[in-house]
Amino acid sequence: MNVKTMMVIGAGQMGAGIAQVFAQAGFQVKLNDLSEDALQKGKSGIEKRLSRAVEKERISEGEKAATLERLQTTTKLEDSYDCDLVIEAVVENMDVKTNVFQTLDKHAPSHAILASNTSSLPITEIAAVTERPSQVIGMHFMNPVPVMKLVEIIRALQTSDETYEAIETITKQLSKTPVEVNDFPGFVSNRVLMPMINEAIYTVYEGVATPEAVDEVMKLGMNHPMGPLTLADFIGLDTCLYIMEVLHEGFGDSKYRPCPLLRQYVKAGWLGKKSGRGFYQYS
């Protein structure tokens, strides 16, 4: 399948990052969101990251200009009419995502692949609401998208080999590394990562150690580049809680029970870096 034009739904941190890497790789990109404000914020972030790349001599001024020229913005899902690929990167809510996919199914051309950047929700369930379930797939990018090399490619029960192979090829064109994963709660990345973060929160909750001590142990003892509680703050504690709830519900196993301290922080609005406070304070 020859993908020339694609759309990203959601201009937040993940969506804008996905749009950027596709535009840099030579694809025509439509970045979609509900409001012009969200689109401008997303595009501004892309411009800043490209400017930093020019300053560090990773790309030229000409490459930056060409990337931005390949990027359009739109508030209409109907503009997916000429897209070969659409990637959804909206809020982690099944009702919202299925609504987006049902709308895309009506407007995107019949050959188009519909992908989700979900970090934990079942692709099989998303695929089932469309008339093209064999062309639905998970494409889970890591944050920050322009930097991180991994893309988890999640096969729904219905995903065809042709769809998988097309997405695998496209991922390599982005200079990313595709890893094939089957559709289970949390896939691989979050099924392994989130229980570790949750257990780190339990050690604070039970008074075993301070957040600083937990992070130092994991950095210096396990050679992690970032401690689990710093990482949790970076991801967003509300996102961590949501994924743990998906794992707990999906597997029905008490080992995935979210730590009460995590719930308490989220209820307090201490969501991590984005709110100014999580396990650490941010100015």
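- Per an unreviewed UniProt entry, the protein chain goes by 3-hydroxybutyryl-CoA dehydrogenase and derives from Pontibacillus chungwhensis BH030062.
- The record held by UniProt for the protein chain lists under Pathway (unreviewed entry) the comment "Lipid metabolism; butanoate metabolism."
- Here is the UniProt Sequence similarities (unreviewed entry) comment for the protein chain, exactly as written: "Belongs to the 3-hydroxyacyl-CoA dehydrogenase family."

Details of the sheet that holds strand β4 (residues 85–88)
Piece 1. Read from one edge of the open sheet, eight strands run β3-β2-β1-β4-β5-β6-β7-β8, paired in mixed fashion. Single-partner strands in this sheet number two, and they are β3 (71–74) and β8 (177–182). Pairwise comparison of adjacent strand axes, ignoring direction, gives a mean angle of 25 degrees for this sheet.
Piece 2. As paired elements, β4 and strand β5 (residues 113–116) share four bridges and run parallel to each other. Bridge pairing links isoleucine 87 to alanine 115 in β5.

A closer look at the UniProt feature "domain: 3-hydroxyacyl-CoA dehydrogenase NAD binding" (unreviewed entry) in the protein chain
Piece 1. When the UniProt feature table is mapped onto this chain, "domain: 3-hydroxyacyl-CoA dehydrogenase NAD binding" (unreviewed entry) is found at residues 7–183.
Piece 2. Helix and strand shares over residues 7–183 are 41% and 21% respectively, and the end C-alpha atoms of the span are 23 Å apart.

Here's the deal with the nonpolar core
Piece 1. Among the nonpolar cores identified, the biggest contains 38 residues, and Phe22, Leu85, Ile87, Met139 and Phe141 are the most heavily contacted of them.
Piece 2. Among the elements that take part in this core, helix α1 (residues 13–24) stands out by supplying seven residues, more than any other.
Piece 3. Contact partners of isoleucine 87, with chain neighbours within four places excluded, come to Met6, Met7, Val8, Ile9, Ile18, Phe22, Ala115, Asn117, Met139 and Phe141.

Thoughts on the packing of helix α2 (residues 36–55) against helix α3 (residues 61–69)
Piece 1. Relative orientation of the contacting elements α2 and α3 amounts to 160 degrees, with a least axis distance of 9 Å. Accordingly, the angle class assigned to the pair α2 and α3 is roughly antiparallel. Viewed along their axes, α2 and α3 form a crossing whose handedness is right-handed. Contacts between α2 and α3 involve Ile46, Glu47, Leu50, Ser51 and Val54 from the first element and Glu61, Lys64, Thr67 and Leu68 from the second.
Piece 2. Here the contact of α2 with α3 is built from residues that sort into four nonpolar, two polar and three charged.

Scoring rules and cut-offs
- Numbering of residues starts from 1 in every chain and runs along the sequence as written.
- In keeping with the model being predicted, local features are shown solely for residues with a pLDDT of at least 70 and side-chain atom pairs are shown and tallied solely at 80 or more, while totals for entire chains, interfaces and linings include all residues.
- Only hydrogens and water are set aside; all other atoms, that is, all heavy atoms of the structure, feed into the side-chain values.
- UniProt positions are given in the numbering used here, feature names are shortened, and annotations may be inferred rather than shown by experiment.
- Two strands qualify as a pair provided DSSP detects at least 2 bridges between them.
- The way it works is that DSSP assigns letters per residue, a run of H or I at least four long becomes a helix, a run of E at least two long becomes a strand, and they are numbered from the N terminus.
- Axis definition: a line fitted to C-alpha atoms, over the contacting stretch in the case of helices. Angles run 0 to 180 degrees between N-to-C directions.
- Here, nonpolar core means buried Ala, Val, Leu, Ile, Met, Phe, Trp, Tyr and Cys residues that are tied together by side-chain atoms lying within 4.5 Å of each other.
- Each residue's exposure class comes from its accessible area (1.4 Å probe, protein chains only) as a fraction of the maximum for that residue type: buried when under 20%, exposed when over 50%, partly exposed otherwise.
- Contacts between residues were defined by any pair of non-hydrogen atoms, one from each residue, lying within 4.5 Å.
- Note on angle classes: values under 35 degrees are labelled roughly parallel, values over 145 roughly antiparallel, values of 65 to 115 roughly perpendicular, and the remainder oblique.
- The crossing is said to be left-handed when, going from far helix to near helix, the turn is anticlockwise and less than a right angle, and right-handed when the turn is clockwise.
- Each residue is assigned to one of three groups, with Ala, Val, Leu, Ile, Met, Phe, Trp, Tyr, Cys and Pro labelled nonpolar, Asp, Glu, Lys and Arg labelled charged, and all others, Gly among them, labelled polar.

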